[in-house]
2 protein chains.
Amino acid sequence: MRADAERNRSKIIAAARSAFADPQAEVSMAEVSRRAGVGMATLYRNFPGRSDLLEALYIDEVDAICAAAETLEAETPGAVFVAWLHRFFAFIVSKHPVGTELLKHSEGKVPVMGESRRRVVEAGRPLFLAARRAEQVREDLKFEQILDMIVAIAAINGESEYLEPILGVALDGLLPGTFVGRRMNWRDSPG
Amino acid sequence: MRADAERNRSKIIAAARSAFADPQAEVSMAEVSRRAGVGMATLYRNFPGRSDLLEALYIDEVDAICAAAETLEAETPGAVFVAWLHRFFAFIVSKHPVGTELLKHSEGKVPVMGESRRRVVEAGRPLFLAARRAEQVREDLKFEQILDMIVAIAAINGESEYLEPILGVALDGLLPGTFVGRRMNWRDSPG
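Within each chain, residue numbers correspond to sequence positions counted from 1 in written order. Here chains are named by letter from A upward and ligands by number from 1 upward, in the order in which they appear as written. Totals for whole chains, interfaces and linings use every residue, but because this is a predicted model, local features are given only for residues with pLDDT of at least 70 and side-chain atom pairs only at 80 or more, for both listing and counting. The side-chain values count all of the structure's non-hydrogen atoms but skip hydrogen atoms and water molecules.

A.B. asks: With reference to specific residues and values, describe the overall build of chain A.
C.D. replies: Secondary structure summary: chain A contains nine helices and zero strands in total. Of the regular secondary structure in chain A, the N- to C-terminal order runs α-α-α-α-α-α-α-α-α. Each residue is assigned to one of three classes by its accessible area relative to the maximum for its type, calculated with a 1.4 Å probe on protein chains only: buried under 20%, partly exposed between the two thresholds, exposed over 50%. Out of the 191 residues belonging to chain A, those deemed buried represent 48%. When contacts within chain A are restricted to residue pairs at least 6 apart in sequence, long-range pairs at least 24 apart make up 63% of them. Here, Shrake-Rupley sampling with a 1.4 Å probe gives the accessible areas, and only protein chains in the shown set may cover a residue. About 9,900 Å² of surface is accessible on chain A, with carbon and sulfur atoms providing 52% of the total. Helical segments are the DSSP runs of H or I of at least four residues, strand segments are the runs of E of at least two, and each set is numbered from the N terminus. Any two residues having at least one pair of non-hydrogen atoms within 4.5 Å are treated as being in contact.

Below, the structure is given as structure tokens:
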């Protein structure tokens, strides 16, 4: 029975996530019940209100991005950090509608959001520090500045084909400066 | 008399601009009159309403960023383009409060704003194309994507010391790719 309940809960969350990812879908409780293949009674037993479901969905996505910080593998610390920033970007883009709904349904008081930001920052910081120690990330930015940059780019209005190259610019710009001389020329250029 | 009138108008616009740049200032017509050293009658003769003044201020800033595209000098087309993007960034940061006020006073209908965006894009595009022809800007972004990136960074919450390094990352990332190999490694990294 326990396992069954777990499975239902997972199905509901997965269904809600796919509904939110579908720009055509109107994400009602009925729609989530239909997509999950569970009855309304089961749905409401798990999530008494729509905002409970939204919050669970939000936390589930935060869990995933935090877990990725521990499991991502790549050849260098810089590559791990950049791979995680790609995940973080996808996370921001995907959680946006959920976050917006959550705010709408909670009159602006969503403690889980502030708490989530702290958790994500904590999870990602070791990757940043390792990349920094390996001298694979430039030194003039704090971790928070990098995250704010990614969040700002994720908020640009456009499809992912439009946003991806912009993200690429930002990530390439994080490389430490063999280009420092040239950069300085630009900065000091007259006018 | 003509020259006098011109001078008053310039004084008023300069005073309004400095008032908006001062986070402590409350930008009333009386405050602008005081800062400009012109009487209220003169102020109202030039700008019958507050929104006329805001619009003039906005257009004045757009004129300046467009003019900069023609007068900026630097050693290479890439350096000219990047210098202009720096100006564009400063323009976006500085016009933000004026734009916000203008929207508030105009019930969302501000034709001058759409028109201004078109003018700025037109003014900057030749610099972008020249830098591209000189192979000093990477090839996978359109000009509009670069502008959207700068606008997004300018909108990040923080003082200019916080924002400048983020802008630096973005501008350095625009350099064409001697780093392409490395970048590809990152993109393809497992996980």
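A.B. asks: Break down unusual backbone geometry for me, citing the residues and quoting the values.
C.D. replies: Positive phi, normally seen in glycine, also occurs at E135 of chain A, with a value near 55°. Tracing the backbone through its elements, the reader meets E135 of chain A in the loop between α6 (111-133) and α7 (143-154).

A.B. asks: With reference to specific residues and values, describe the packing of helix α7 (residues 143-154) of chain B against helix α8 (residues 160-173) of chain B.
C.D. replies: Residues and elements named next belong to chain B. Lines fitted to C-alpha atoms define the axes, with helix axes restricted to the stretch in contact, and inter-axis angles between N-to-C directions lie between 0 and 180 degrees. Packing of α7 against α8 brings their axes to within 10 Å, and their N-to-C directions diverge by 165°. The angle between the axes of α7 and α8 places the two elements in the roughly antiparallel class. Relative to α8, the crossing made by α7 is right-handed. Counting all contacts with α7, which are made through M149, I150, I153 and A154, the residues of α8 involved are L163, I166, L167, A170 and L171. Every angle not falling under 35 degrees, over 145, or within 65 to 115 is termed oblique; those three ranges are roughly parallel, roughly antiparallel and roughly perpendicular. The handedness criterion is simple: a crossing whose near helix is rotated anticlockwise from the far helix by less than a right angle is left-handed, and one whose near helix is rotated clockwise is right-handed.

A.B. asks: Tell me about the nonpolar core, and please be specific about residues and values.
C.D. replies: Nonpolar cores are built from buried Ala, Val, Leu, Ile, Met, Phe, Trp, Tyr and Cys residues. Side-chain atoms within 4.5 Å join them into one set. In this structure, W84 of chain A together with W84 of chain B are the most contacted members of the largest nonpolar core, which totals 124 residues. Excluding residues that lie within four positions of it along the chain, W84 of chain A makes contacts with I65, A68, A69, L72, V120, G124, L127, F143 and L147 of chain A.

A.B. asks: I'd love a proper account of helix α2 (residues 29-36) of chain B, names of residues and values included.
C.D. replies: Residue and element names in this part refer to chain B. Those residues of α2 lying buried are M29, E31, V32, S33 and A36. The inward-facing, buried residues of α2 abut α1 (2-21), α3 (40-46) and α4 (50-71). Two residues or fewer past α2, G37 is found with a positive phi of approximately 70°.

A.B. asks: Which residues make up the pattern of salt bridges, and what values go with them?
C.D. replies: All names here are of chain B. Salt bridges, as used here, are contacts in which a Lys or Arg side-chain nitrogen is within 4 Å of a carboxyl oxygen on Asp or Glu. Overall, the coordinates contain 22 salt bridges over all chains when judged by the stated rule. Residue D4 pairs with R7 through a salt bridge whose shortest N-O separation is 2.6 Å. Here D4 pairs with R7, and both are found in helix α1, just three residues apart, close to one helical turn. For D4, a relative accessible area of 39% gives the class partly exposed. A salt bridge links E144 to R125; the shortest N-O distance between them is 2.8 Å. With a gap of 19 residues between them, E144 in helix α7 and R125 in helix α6 (residues 111-133) connect regions that are remote in the sequence. Classification of R125 as partly exposed rests on a relative accessible area of 30%.

A.B. asks: Provide a residue-level description of the environment of S18 of chain A, including the pertinent values.
C.D. replies: Mapped onto the fold, S18 of chain A is located in helix α1 (residues 2-21). Along the backbone, S18 of chain A and F128 of chain A are 110 residues apart, and their C-alpha atoms lie at a distance of 31 Å.

A.B. asks: Outline the packing of aromatic side chains, supporting the account with residue identities and numerical values.
C.D. replies: Ring pairs shown here join Phe, Tyr and Trp side chains whose ring centres sit within 6.5 Å, with only the six-membered ring taken for Trp; geometry is labelled stacked below 30 degrees between planes, edge-to-face above 60, and tilted in between. Tallying each qualifying case throughout the model produces 12 aromatic pairs over all chains. Ring centres of F81 of chain A and F128 of chain A lie 5.7 Å apart, and the angle between their planes is 55°; on these two criteria the pair is classed as tilted. A residue pair is termed long-range when its members are at least 10 positions apart, and F81 of chain A in helix α5 (residues 77-105) and F128 of chain A in helix α6 qualify at 47 residues. Residue classification places F81 of chain A among the buried positions, given a relative accessible area of 0%. Since its relative accessible area comes to 5%, F128 of chain A is described here as buried. Note on F88 of chain B and F91 of chain B: the rings are 6.2 Å apart at their centroids and 35° apart in plane angle, and the pair reads as tilted. Taken together, the residues F88 of chain B and F91 of chain B, both in helix α5 (residues 77-105) and three residues apart, mark about one turn of the helix.

A.B. asks: Account for the confidence of the model for chain A, naming residues and giving values.
C.D. replies: Residues and elements named next belong to chain A. Across the chain, each position has a pLDDT score giving the predictor's confidence in that residue, from 0 to 100. Averaged over every residue, the pLDDT of chain A is 85; residues scoring 70 or more account for 85%. Per-residue pLDDT, averaged within each element of chain A, yields its smallest value for helix α9 (residues 180-188) (42) and its largest for helix α3 (residues 40-46) (95). Prediction confidence for the complex, expressed as pTM and ipTM, is 0.81 and 0.79 respectively.

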